[in-house]
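# Notes for the structure review
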Amino acid sequence: MTHATQALDQMRPPYPAEPGSGVYSNKLGMWVFLASDVMFFTALIGSYIVLRFGAPGEWARPGAVLNVPLTGLNTFLLICSSVSMVKAYAAIADGKKYFLRKVPGKRLQDGGLKFWLLITIICGAGFVSVQVVEYIKLVGHGFTPAGYREGSLLAEHAAADPIKYGLTVAGLYGSSFFTMTGFHGFHVTCGVISMLYLYFTKVLPEKYSPQDYRGIEVIGLYWHFVDLVWIILFTIVYLI
Amino acid sequence: MTTPTTHVRPNYMLIWLYLFVMTIAEVLLAFELPVARNLKLILLLILAIWKAMLVALFFMHLKFERWRLRLIFIVPLPLAAILVTTVIMEKVW
């Protein structure tokens, strides 16, 4: 009699793998897209580095123009959304399709796919909302993609302290800031829309199962990548 | 007899805690701690890359994927470095 040890690999769902790559085609496609997105953001970050360090004057000092505490909070929100996304993935892999369920002997209820994905959507939408508020306030104070608007509050501050506010290179600063954060915000918005679509068409009708949850895994990869990019952008745009 | 390799899920909440603590450390380093500018820049970049690695390895599960899949993500990184270096060198010259 032979004994075959059957162990469930928690990290690899049982889908038919494509020959060669060893993974199913949806996941492979997302990874190839992410590889191209790495190059896209590299082009943006590379341009930023060249513009900043090749500029004739000093960039505005960190925190002089941008609201770092608010963006720090936003970063925290995006990190939380990444955790809730991975919890959604783990929940459906364990067959937890429900929203919340009581666990005997525990005070907190156990969250299922419906709960964790909703938290991710809320955090993602929260991130975009805070970014929109930040943009409105910055433009209101006079920080535009073209630099400091004449007669604005920031233009007055910059005239009083041109080094702190990087007056000579304000146009470069504004255009690179809005381009980089804008494209990232666009990615987050696309992610939130995609998750909403999945939530209403697949998650609520309980179409995912522990045997097939490809959509959750693929959108999860995208979402974590968006988080990863923001981690880099937050440091180089807001802190350095 | 076959024994498939088993990967146990990482502790996601612990990774979240690391990311949270490192984000606070970054903000403190940038605004509160009296550190030389160049050292501060290097430390901030190290922290950012460390956080990004945590997300890629544990949340995107790259640590548990096959090498042929990891390569898809790794190959653009040296290309990205070449792109940035070339553009910077062109500017310097």
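So, here is what we can say about the structure in this document. These figures come from a predicted structure and were not determined experimentally. (Residues numbered from 1 in each chain as written. Chains lettered and ligands numbered in written order. Predicted model: local features only at pLDDT ≥ 70, side-chain atom pairs only at ≥ 80, totals over all residues.)

## Some details on the overall build of chain B
What counts is decided by this rule: Secondary structure elements follow DSSP: runs of H or I of four or more residues count as helices, runs of E of two or more count as strands, with numbering from the N terminus. Counting other C-beta atoms within 10 Å of its own, a residue is labelled buried from 20 upward, exposed at 12 or fewer, and partly exposed in the gap between, with every C-beta atom placed from the backbone.
Broken down by element type, chain B carries four helices and zero strands. The 93 residues of chain B split such that 18% are buried.

## Considering the interface of chain A and chain B
Quick note on the threshold: Working definition of a contact: two residues with C-beta atoms, positioned from the backbone, lying within 7 Å. Ten residue types, Ala, Val, Leu, Ile, Met, Phe, Trp, Tyr, Cys and Pro, are classed as nonpolar, four, Asp, Glu, Lys and Arg, as charged, and the remainder, Gly among them, as polar.
Across the contact, 44 residues belong to chain A and 45 residues belong to chain B. Contributions of two or more residues to the side of chain A that touches chain B are made by α1 (25–53), α2 (68–93) and α6 (214–239) of chain A. Of all the elements, α1(A) adds the most residues to the side of chain A that touches chain B, at eleven residues. The residue inventory of the side of chain A that touches chain B, partitioned by class, reads 26 nonpolar, 15 polar and three charged.

## Things to note about the packing of α2(A) against helix α3 (residues 113–141) of chain A
Packed helix pairs are specified by the crossing angle of their axes together with the interaxial distance, meaning the distance between the axes. Residues and elements named next belong to chain A. Note the cut-off: Axis angles are defined between N-to-C directions and span 0 to 180 degrees, where every axis is a line fitted to C-alpha atoms and, for a helix, only to the segment in contact. Note that the term roughly parallel is reserved for angles under 35 degrees, roughly antiparallel for angles over 145, roughly perpendicular for angles of 65 to 115, and oblique for everything else. What makes a crossing left-handed is the near helix being turned counterclockwise from the far one by less than a right angle; a clockwise turn instead makes it right-handed.
The N-to-C vectors of α2 and α3 enclose an angle of 160 degrees; their axes lie 8 Å apart at closest approach. Our classification of the angle between α2 and α3 gives roughly antiparallel. Between α2 and α3 the crossing geometry is left-handed. For the contact of α2 with α3, the residue count by class is 15 nonpolar, eight polar and two charged.

No statement about biological role is implied by the geometric values presented.
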